[in-house]
Amino acid sequence: MDTDDPVVFLTIDDGATRDPKMADVLKEAGVPATFFLTDQYVREDADFFRRLRDATGSQIENHTLDHPDLKSQSADEQRRQICATSDNYEEEFGRRPTLLRPPYGSFDDDTLRAAAECGATHVVHWSAEIANGKIQFASGDRLRAGDIVLMHFREQFREDVDRFAEEAEKSGLKPALLEDYLT
């Protein structure tokens, strides 16, 4: 994400693990996040994600119906995966997603066309990933302004959010909401 502002973005994928304490973790850390949710997990507990979004000033975006490698799917199946999820989220959460994160970061020209046809204005990747309290950088050894950090809804949620906040502070960056810079 190209910006001169000293900001960094937390994105959290999937939604398999859900714990009511997750809202407190994000609030205590002062971190808004973009949730790239897989529809199969939203269907299990949409109220959880609605409460989490509302309590933390976060946003819900598209991560497909059931997390396939889109590049290995036909153009029609890619469109179904993306559009059906966006349709569901617009109905469930009152806002159509404008961002898509392709599962595994895997996409092709059909993905980009389908995303645009389904209302996505940006296909989002990441420049660092946090898992089990450890951070891996795509390049370098620190966060930089505009970096997009990926983590997942896992048991180590607190540990991963704390690590994100620590790395952001260490790098002189403030956590910000990705949508504020892309839409």
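Figured I'd write up the structure that's included with this text. (Residues numbered from 1 in each chain as written. Predicted model: local features only at pLDDT ≥ 70, side-chain atom pairs only at ≥ 80, totals over all residues. Heavy atoms only, no water.)

## So, the overall build of the protein
Across its full length, the protein holds 7 helices and 9 strands. Whereas a compact globule of 183 residues would reach a radius of gyration of roughly 16 Å, the protein reaches 15 Å, a difference of no more than 12%. If one aligns the C-alpha atoms of the protein with their principal axes, the spans along those axes are about 45 × 35 × 25 Å. Here the protein holds 183 residues, and the buried ones make up 51% of them. The contacts of the protein with a sequence gap of at least 6 include a subset with a gap of at least 24, amounting to 71%. (Helix = DSSP H or I, 4+ residues; strand = E, 2+ residues; numbered from the N terminus. Rg over C-alpha atoms; globule rule 2.2 N^0.38 Å. Buried < 20%, exposed > 50% of the residue type's maximum accessible area, 1.4 Å probe, protein only. Contact = heavy atoms within 4.5 Å.)

## Here we look at the state of the cysteines
Evaluation of the coordinates by the stated rule reveals 1 disulfide. Across the disulfide, cysteine 83 is cross-linked to cysteine 118 (sulfur-sulfur distance 1.7 Å). Handedness of the cysteine 83-cysteine 118 disulfide follows from its S-S torsion of about -85 degrees: it is left-handed. One end of the pair, cysteine 83, is in helix α4 (residues 75–93); the other, cysteine 118, is in the loop between α5 (109–117) and β5 (122–123), with 35 residues separating them in the sequence. (Disulfide = S-S within 2.5 Å.)

## A look at the packing of helix α1 (residues 21–29) against helix α3 (residues 46–56)
Close contact between α1 and α3 brings their axes to 9 Å; oriented N to C, the two are set at 20 degrees. In terms of their interaxial angle, α1 and α3 are classed as roughly parallel. Crossing hand, α1 versus α3: right-handed. Two secondary-structure elements touch here, α1 through Met22, Ala23, Leu26 and Lys27 and α3 through Phe48, Leu52, Ala55 and Thr56. (Axes fitted to C-alpha atoms, helices over the stretch in contact; angles between N-to-C directions. Parallel < 35°, antiparallel > 145°, perpendicular 65-115°, else oblique. Left-handed = near helix turned anticlockwise from the far one by under 90°.)

## With respect to the side chain of histidine 63
In this structure, histidine 63 sits in the loop between β3 (59–62) and α4. Take histidine 63: its relative accessible area is 1%, and that puts it in the buried class. Within the structure, the side chain of histidine 63 is placed 3.1 Å from the side chain of aspartate 14, a separation counted as a polar contact. If we skip the residues at most four places from it in the chain, histidine 63 touches Asp13, Asp14, Phe36, Leu37, Thr38, Arg101, Pro102 and Pro103. (Polar contact = N/O pair within 3.5 Å; in protein donor to acceptor, adjacent residues only side chain to side chain.)

## Some words on the packing of aromatic side chains
Enumeration according to the criterion identifies 6 aromatic pairs in this entry. Aromatic pair phenylalanine 9 and tyrosine 181: ring centres 5.3 Å apart, planes at 65 degrees, arrangement edge-to-face. In this pair, phenylalanine 9 sits in strand β1 (residues 7–14) while tyrosine 181 sits in helix α7 (residues 179–182), placing the two residues 172 residues apart along the sequence. Seen in terms of ring centroids, phenylalanine 49 and phenylalanine 153 are 5.8 Å apart; in terms of plane orientation they differ by 85 degrees. Their pairing is edge-to-face. Of this pair, phenylalanine 49 sits in helix α3 while phenylalanine 153 sits in the loop between β8 (148–152) and α6 (157–170), and the two are 104 residues apart along the sequence. Both residues of the pair, phenylalanine 49 and phenylalanine 153, belong to the buried class. What links up through ring pairs into an aromatic cluster is the set Phe35, Phe48, Phe49, Phe153 and Phe157. (Phe/Tyr/Trp six-rings, centres within 6.5 Å; stacked < 30°, edge-to-face > 60°.)

## Considering the nonpolar core
Grouped together as the largest cluster of nonpolar side chains are 31 residues, with contacts concentrated most on Leu10, Ile12, Leu26, Phe35, Phe153 and Phe157. When near neighbours in sequence (up to four residues on either side) are disregarded, phenylalanine 35 contacts Ile12, Leu26, Leu52, Arg53, Thr56, Ser58, Gln59, Ile60, Glu61 and Phe153. Ranked by size, the runner-up nonpolar core spans 9 residues in total, among them Val7, Phe36, Leu99 and Leu182. (Core = buried A, V, L, I, M, F, W, Y, C linked by side-chain atoms within 4.5 Å.)

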